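# Report on the structure
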Amino acid sequence: MQYDNLIECSRCGSDACYTQEVTPEIKLEFCYGCGFQSHSLMKSGTEFFTEQLALLPDLYKSLVEEEEDTSKVWMPSFTNTEEKGMVFADGTGRDNWRWAGVKSVPVSKEEKEKYKGAKYRADMTTIKHFEEHDFMEALSYIGVLPE
Ligand SMILES: [Zn+2]
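Rules used throughout
- Residues numbered from 1 in each chain as written.
- Predicted model: local features only at pLDDT ≥ 70, side-chain atom pairs only at ≥ 80, totals over all residues.
- Heavy atoms only, no water.
- Helix = DSSP H or I, 4+ residues; strand = E, 2+ residues; numbered from the N terminus.
- Buried < 20%, exposed > 50% of the residue type's maximum accessible area, 1.4 Å probe, protein only.
- Pairing = 2+ DSSP bridges.
- Contact = heavy atoms within 4.5 Å.

In this structure, Ser-71 is a non-glycine residue whose phi angle is positive, near 50°. Assignment of secondary structure puts Ser-71 in the loop between β5 (65–66) and β6 (73–76). Look at Lys-116: it is not a glycine, yet its phi comes out positive at around 50°. Tracing the chain through its elements places Lys-116 in the loop between β9 (96–106) and β10 (120–122).

The next point concerns the pairing of strand β2 (residues 17–21). Of the two faces of β2, the one lined by Cys-17, Thr-19 and Glu-21 is fully buried and the one lined by Tyr-18 and Gln-20 carries no buried residue. Where β2 lies against strand β3 (residues 27–31), 5 bridges are found, and the strand directions are antiparallel. The residue of β3 that forms the bridge with Tyr-18 is Phe-30. Between β2 and β3, which pair antiparallel and follow one another directly, the connecting turn spans 5 residues.

To continue, consider helix α3 (residues 135–142). Counting buried residues in α3 gives 6 out of 8 residues, a clear majority hidden from the surface. Among the residues of α3, those classed as buried are Phe-135, Ala-138, Leu-139, Ser-140, Tyr-141 and Ile-142. Next to the buried residues of α3 lie β3, β7 (79–81), β8 (85–93), β9 and β11 (128–130). A positive backbone phi angle near 95° is found at Gly-143, which sits one or two residues after α3.

Below is the structure:
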């Protein structure tokens, strides 16, 4: 069984939480309202969770939160598309962070060597910050979502 739909986000309350049931045991949630995601296998104390957590940058680690009654774990998402750009959590800690959008630009002929043949590179001069609940605006800014 598999179905996709938008539900109310149990983290931020927006109605833009995309949910996908991969199997009856595995459910993914990705909230376009707050930019956080959860995965039903990601429960604190499990090996999977410990492994995933170890790979995260420090800011992401500090933003991971567990719902008390469901023990559902939410973590900030990281969006990266080569041609468009990326959206990631940027800041120094739980009380001081925002979403950052960075656009990609085509690599010029002169830069080809420096970027080892990549067609696009992140242009850090385009970095723009968005409040947590403006995650969707950050996606629009880099062009992943329509304006
Ligand atoms: Zn949310």
